[in-house]
Amino acid sequence: MSSSIKIIFTLVILILGGIGFWLYNAMHTPVNHGNAKRYIVIEQGSSSNTILKVLGENDVLQVPLATKLYLRFFNRDAKMEAGDYQFPSPISPLEVIKQLEHGKKRTQTFTIPEGWTRFEIAKRIVSVFPIEPSMSEKEVLTLMDDTSLIQDVDPEAKNLEGYLYPTTYQFEFGTHPKEVIAKMVQQFKSVWQPEWDGLALRLGRTKREIVIIASLIENESKIDSERGLVSSVIYNRLDHGIRLGIDATNVYIAKLLGRWDGIIHKSDVEVIHPYNTRRIFGLPPGPISSPSRTAIEAALHPAQTDNLYYVLNVKANDGSHYFYPSADEFAKGKAEYQRWLASQRSN
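Residues numbered from 1 in each chain as written. Predicted model: local features only at pLDDT ≥ 70, side-chain atom pairs only at ≥ 80, totals over all residues. Heavy atoms only, no water.

(A) Inspection of the packing of helix H3 (residues 64–73) against helix H4 (residues 93–102) at higher detail. Packing of H3 against H4 leaves a shortest axis separation of 10 Å and a crossing angle of 60°. With respect to each other, H3 and H4 are oriented oblique. Where H3 crosses over H4, the handedness of that crossing is right-handed. Contacts between H3 and H4 pair Thr-67, Tyr-70 and Leu-71 from the former with Pro-93, Leu-94 and Ile-97 from the latter. Grouping the amino acids of the contact of H3 with H4 by side-chain chemistry returns 5 nonpolar, 1 polar and no charged. (Axes fitted to C-alpha atoms, helices over the stretch in contact; angles between N-to-C directions. Helix = DSSP H or I, 4+ residues; strand = E, 2+ residues; numbered from the N terminus. Parallel < 35°, antiparallel > 145°, perpendicular 65-115°, else oblique. Left-handed = near helix turned anticlockwise from the far one by under 90°. Contact = heavy atoms within 4.5 Å. Nonpolar A, V, L, I, M, F, W, Y, C, P; charged D, E, K, R; others polar.)

(B) Looking closely at the environment of His-265. Relative to the assigned elements, His-265 resides in the loop between helix H11 (247–256) and helix H12 (266–270). Taking relative accessible area as the criterion, His-265 reaches 32% and is therefore assigned partly exposed. As a C-alpha pair, His-265 and Ile-288 span 23 residues in sequence and 18 Å in three-dimensional space. (Buried < 20%, exposed > 50% of the residue type's maximum accessible area, 1.4 Å probe, protein only.)

(C) The arrangement of the packing of helix H10 (residues 227–240) against helix H13 (residues 293–300) in detail. Here H10 crosses H13 at 45°, and the two axes come no closer than 8 Å. In terms of orientation, H10 lies oblique with respect to H13. For H10 against H13, the interelement crossing comes out right-handed. When H10 is examined against H13, the residues Arg-227, Gly-228, Ser-231 and Tyr-235 are found in contact with a partner set consisting of Thr-294, Ala-295, Ala-298 and Ala-299.

(D) Structural detail: the pattern of salt bridges. With the rule as written, the count across this model stands at 14 salt bridges. When the shortest N-O distance is used, the salt bridge between Lys-255 and Glu-120 registers 2.6 Å. A residue pair is termed long-range when its members are at least 10 positions apart, and Lys-255 in helix H11 and Glu-120 in helix H5 (residues 118–128) qualify at 135 residues. The exposure class of Glu-120 is partly exposed, given its relative accessible area of 23%. Salt-bridge contacts for Glu-336 lead to Lys-315; the nearest nitrogen and oxygen are separated by 3.9 Å. With Glu-336 in helix H14 (residues 327–346) and Lys-315 in the loop between strand E5 (309–312) and strand E6 (321–324), the pair connects residues that are 21 residues apart, well separated along the chain. (Salt bridge = Lys/Arg side-chain N within 4 Å of Asp/Glu carboxyl O.)

(E) Here's a closer look at a nonpolar patch on the surface. Together, Ile-15, Ile-19, Trp-22, Val-63 and Leu-65 make up an exposed nonpolar region whose accessible area comes to about 460 Å². Examining the composition of the nonpolar patch, we find that 3 residues originate from one element, helix H1 (residues 3–28), more than from any other. Inspection of the secondary structure assignment puts Val-63 in the loop between helix H2 (48–57) and H3. Residue class for Val-63 comes out partly exposed when judged on its relative accessible area of 41%. (Patch = residues over 30% accessible without salt bridge, like charges linked within 9 Å, V, L, I, M, F, W, Y side chains within 5 Å. Areas by Shrake-Rupley, 256 points an atom, 1.4 Å probe, with all protein chains shown as cover.)

(F) Spotlight on the side chain of Arg-227. For Arg-227, the position within the fold is in helix H10. Here the side chain of Arg-227 touches Glu-218 through a polar contact of 2.6 Å, side chain to side chain. Side chain to side chain, Arg-227 and Thr-294 meet in a polar contact 2.7 Å long. Setting aside anything within four residues of it in sequence, one finds Arg-227 in contact with Glu-114, Ile-217, Glu-218, Ser-221, Lys-222, Ser-292, Thr-294, Ala-295 and Ala-298. (Polar contact = N/O pair within 3.5 Å; in protein donor to acceptor, adjacent residues only side chain to side chain.)

(G) Local environment of the packing of aromatic side chains. Scanning the model with the defined rule gives 15 aromatic pairs in all. Seen from their ring centres, Phe-119 and Tyr-252 are 6.2 Å apart, and the 50° between their planes marks the pair as tilted. Taken together, the residues Phe-119 in helix H5 and Tyr-252 in helix H11 connect sequence positions 133 residues apart. Taken as a pair, Phe-119 and Tyr-252 share a single burial class, namely buried. Taken together, a centroid distance of 5.2 Å and an interplanar angle of 55° make the contact between Tyr-252 and Tyr-275 tilted. Placement of Tyr-252 in helix H11 and of Tyr-275 in the loop between H12 and H13 is noted, with a sequence separation of 23 residues between them. For Tyr-275, a relative accessible area of 14% gives the class buried. (Phe/Tyr/Trp six-rings, centres within 6.5 Å; stacked < 30°, edge-to-face > 60°.)

The structure is reproduced here in structure tokens:
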């Protein structure tokens, strides 16, 4: 081999080695950029060149050529998915490619508090999930009238009240309200345990009745430790043929009639309506809110007591209650509560 060929060969080796060293460092070295808090959108169907251009324009890839060479010669099978991405800073090009391979859509948090009705839920869905064409609260409520989602759970249901499980969800931006509703129903089904069917039967109740009782408990007490006691009062009153007299059902009636203004009026208490537990005997015809797991468990595990009444414990001022087995004891507790209530109104 002539000396000139050896020199050329050596130069080629050095050049290739230099390129390899440069490429290795370029792909492995994290670089800082100023767009870590921004979402960078990779559109569906974008070519690899277009993706690299977008990332270069946003300084996530400061040497796009190195990434292009790497993909061309060393990772031809790399799949870069469309999505909404946030790239931390610093980040290496290899980490960028790895993130792009998984694909990611921007998500948003969606929280439904325990005890909300389908009316409040519909309002929040409309505000959090705007779509085109837009949907009104009334249209979302119509979606909640589709009981096909719970035919296996409650074939008697007229709507999804009670089955829109209250918790915090993550949804992609642009999710349709129908998908949101379906997810909430699916979450209810996930929370409901198979053995609960047997517990309901032993109590002489259907699954629907357990959900109705749980929805009442959810509204009557927010303190988990006393929900079993509230449950026992409900069961005891049902067993004794005593009206439940739960004010939350009157609130629900006002919402059904579109006249709830935050105050229970005399007309709400006296209204003739199947949900008015001050007038009817037994349970209301359906759930009045979305019960949590603890409320459902309380409906399935009522405490063993003789209590028939309860009243707010104004001394504790923590939302807890006093419980009474007799009307006389209850009357004393109620009188104390009414005195406290009058003092609050006068202040």
